[in-house]
Amino acid sequence: MVVRSAEGRVLVGRRVAEPGRMLAIPGGKLDPGESVEACAIRELSEETGLVVRVARTFDAVFVAGWVVAGVLVELGVMSRDAMPREREPDKFAELAWIDPAHPPEDLFPATAALLAQLG
């Protein structure tokens, strides 16, 4: 899920279990019968404590054998006013707001591909 603040910053963290611990957007796998949007909203809450009601799909990318659905949430507040918390530090940690046009380091491939779709 791409979580974008009012000034265009994007929420990322480290996928702790992934090799290289690259920066990535929040996300996860669908539960049976769950929509893509509902999954994204649930995963965002589980990983960061941020609660949103509206998300929209914007695209899907094929990366390393996976189809990754893009889901976007526009927070409508500045990143300094959004207060994500590390709720699953063993899975998703070191949360940060970044400028997606100039990430501080390489991004997880699916994250980079989805951010490229948003432009």
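Relevant structure appears above.
A few points on the structure. (Residues numbered from 1 in each chain as written. Predicted model: local features only at pLDDT ≥ 70, side-chain atom pairs only at ≥ 80, totals over all residues. Heavy atoms only, no water.)

## A closer look at the overall build of the protein chain
Part 1 of the reasoning: The secondary structure content of the protein chain amounts to two helices and six strands.
Part 2 of the reasoning: Tracing the protein chain from N to C terminus, the helices and strands come up as β-β-β-α-β-β-β-α.
Part 3 of the reasoning: Here the C-alpha radius of gyration of the protein chain, 13 Å, is about what a compact globule of 119 residues would show, namely 14 Å.
Part 4 of the reasoning: With respect to the principal axes defined by its C-alpha atoms, the protein chain has extents near 35 × 30 × 30 Å. (Helix = DSSP H or I, 4+ residues; strand = E, 2+ residues; numbered from the N terminus. Rg over C-alpha atoms; globule rule 2.2 N^0.38 Å.)

## Quick word on the layout of surface pockets
Part 1 of the reasoning: Approximately 990 Å³ is the volume found for the largest pocket.
Part 2 of the reasoning: Taken together, 32 residues make up the lining of the largest pocket; nearest its centre are Gly 27, Gly 28, Lys 29, Trp 66 and Val 68.
Part 3 of the reasoning: When contributions to the lining of the largest pocket are tallied by element, the ones reaching two or more residues are helix H1 (36–48), strand S5 (66–74) and helix H2 (109–118).
Part 4 of the reasoning: In terms of residue count, H1 provides more of the lining of the largest pocket than any other element does, six residues in total.
Part 5 of the reasoning: A per-class count over the lining of the largest pocket returns 21 nonpolar, three polar and eight charged. (1 Å grid on protein atoms, 1.4 Å probe; cavity = no way out; pocket = protein on both sides within 12 Å on 5 of 7 lines; lining within 4 Å. Points joined across faces, edges and corners; volume = space filled by probe spheres on them. Nonpolar A, V, L, I, M, F, W, Y, C, P; charged D, E, K, R; others polar.)

## With respect to the pairing of strand S4 (residues 56–63)
Part 1 of the reasoning: Pairing geometry for S4 and S5, over seven bridges, is antiparallel. For Thr 57, the partnering residue across the bridge sits in S5 and is Val 71.
Part 2 of the reasoning: The antiparallel pairing of S4 with S5 creates a hairpin that spans two residues between the two strands, and Ala 64 there sits at a positive phi of about 50°. (Pairing = 2+ DSSP bridges.)

## Quick word on the pattern of salt bridges
Part 1 of the reasoning: Throughout the structure, instances matching the rule amount to 10 salt bridges.
Part 2 of the reasoning: What you see here is one network of salt bridges that share partners, running through Asp 31, Glu 34, Arg 42, Glu 43 and Glu 46. (Salt bridge = Lys/Arg side-chain N within 4 Å of Asp/Glu carboxyl O.)

## Describing the environment of Thr 48
Part 1 of the reasoning: On the secondary structure map, Thr 48 appears in helix H1.
Part 2 of the reasoning: Residue Thr 48 is classed as buried on the basis of its relative accessible area, which comes to 0%.
Part 3 of the reasoning: Here the alpha-carbon distance between Thr 48 and Gly 27, two residues 21 residues apart in the chain, equals 11 Å.
Part 4 of the reasoning: Ignoring anything within four residues of it in the chain, the contact list for Thr 48 reads Leu 11, Pro 26, Met 83, Pro 84, Arg 85, Arg 87, Phe 92 and Leu 95.
Part 5 of the reasoning: There is a polar contact of 2.7 Å between the side chain of Thr 48 and the backbone oxygen of Leu 44. (Buried < 20%, exposed > 50% of the residue type's maximum accessible area, 1.4 Å probe, protein only. Contact = heavy atoms within 4.5 Å. Polar contact = N/O pair within 3.5 Å; in protein donor to acceptor, adjacent residues only side chain to side chain.)

## Re unusual backbone geometry
Part 1 of the reasoning: Located in the positive-phi region is Arg 21, a residue other than glycine, with phi close to 45°.
Part 2 of the reasoning: By secondary structure assignment, the location of Arg 21 is in the loop between strand S2 (10–15) and strand S3 (23–24).
Part 3 of the reasoning: Assessed through its relative accessible area of 32%, Arg 21 is described here as partly exposed.
Part 4 of the reasoning: Here Glu 94, not a glycine, exhibits a phi torsion of approximately 55°, which is positive.
Part 5 of the reasoning: You can see Glu 94 is positioned in strand S6 (residues 92–98).

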